[in-house]
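Structure at a glance
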Amino acid sequence: MGLDVRVMTLEANERSGFTHRAVAGLGLVGLALAWAVLLVPCMLWLGVTHLGRLLQPLVRRPA
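Notes on the structure in this doc start here. The shown structure was predicted, so the numbers you read here are calculated from the model rather than taken from an experiment. (Residues numbered from 1 in each chain as written. Predicted model: local features only at pLDDT ≥ 70, side-chain atom pairs only at ≥ 80, totals over all residues. Heavy atoms only, no water.)

**Side note on the overall build of the protein chain**
- Scanning the protein chain for helices and strands turns up 1 helix and 0 strands.
- Out of the 63 residues in the protein chain, the part that is buried amounts to 0%.
- As displayed, the protein chain offers around 6,400 Å² of accessible surface, 72% of which is attributable to carbon and sulfur atoms. (Helix = DSSP H or I, 4+ residues; strand = E, 2+ residues; numbered from the N terminus. Buried < 20%, exposed > 50% of the residue type's maximum accessible area, 1.4 Å probe, protein only. Areas by Shrake-Rupley, 256 points an atom, 1.4 Å probe, with all protein chains shown as cover.)

**Concerning a nonpolar patch on the surface**
- A surface patch of nonpolar side chains, about 650 Å² in accessible area, is lined by Leu-28, Leu-31, Trp-35, Leu-38, Leu-39 and Met-43.
- Tracing the sequence through the fold places Trp-35 in helix α1 (residues 10–59). (Patch = residues over 30% accessible without salt bridge, like charges linked within 9 Å, V, L, I, M, F, W, Y side chains within 5 Å. Salt bridge = Lys/Arg side-chain N within 4 Å of Asp/Glu carboxyl O.)

Next up, the structure:
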């Protein structure tokens, strides 16, 4: 049983840092898309509902 210690070269360390940043960026993009898919329909529904309530007195005129 021995301890195997490996030291990364500068090039391998830079590649690893770039890979981590790229994966983190893709994760953030995926999170933003997921929120957009969830929130856009809700925002549209709320907007249409609000607009309908604003226009409701104009549609129903007293006879």
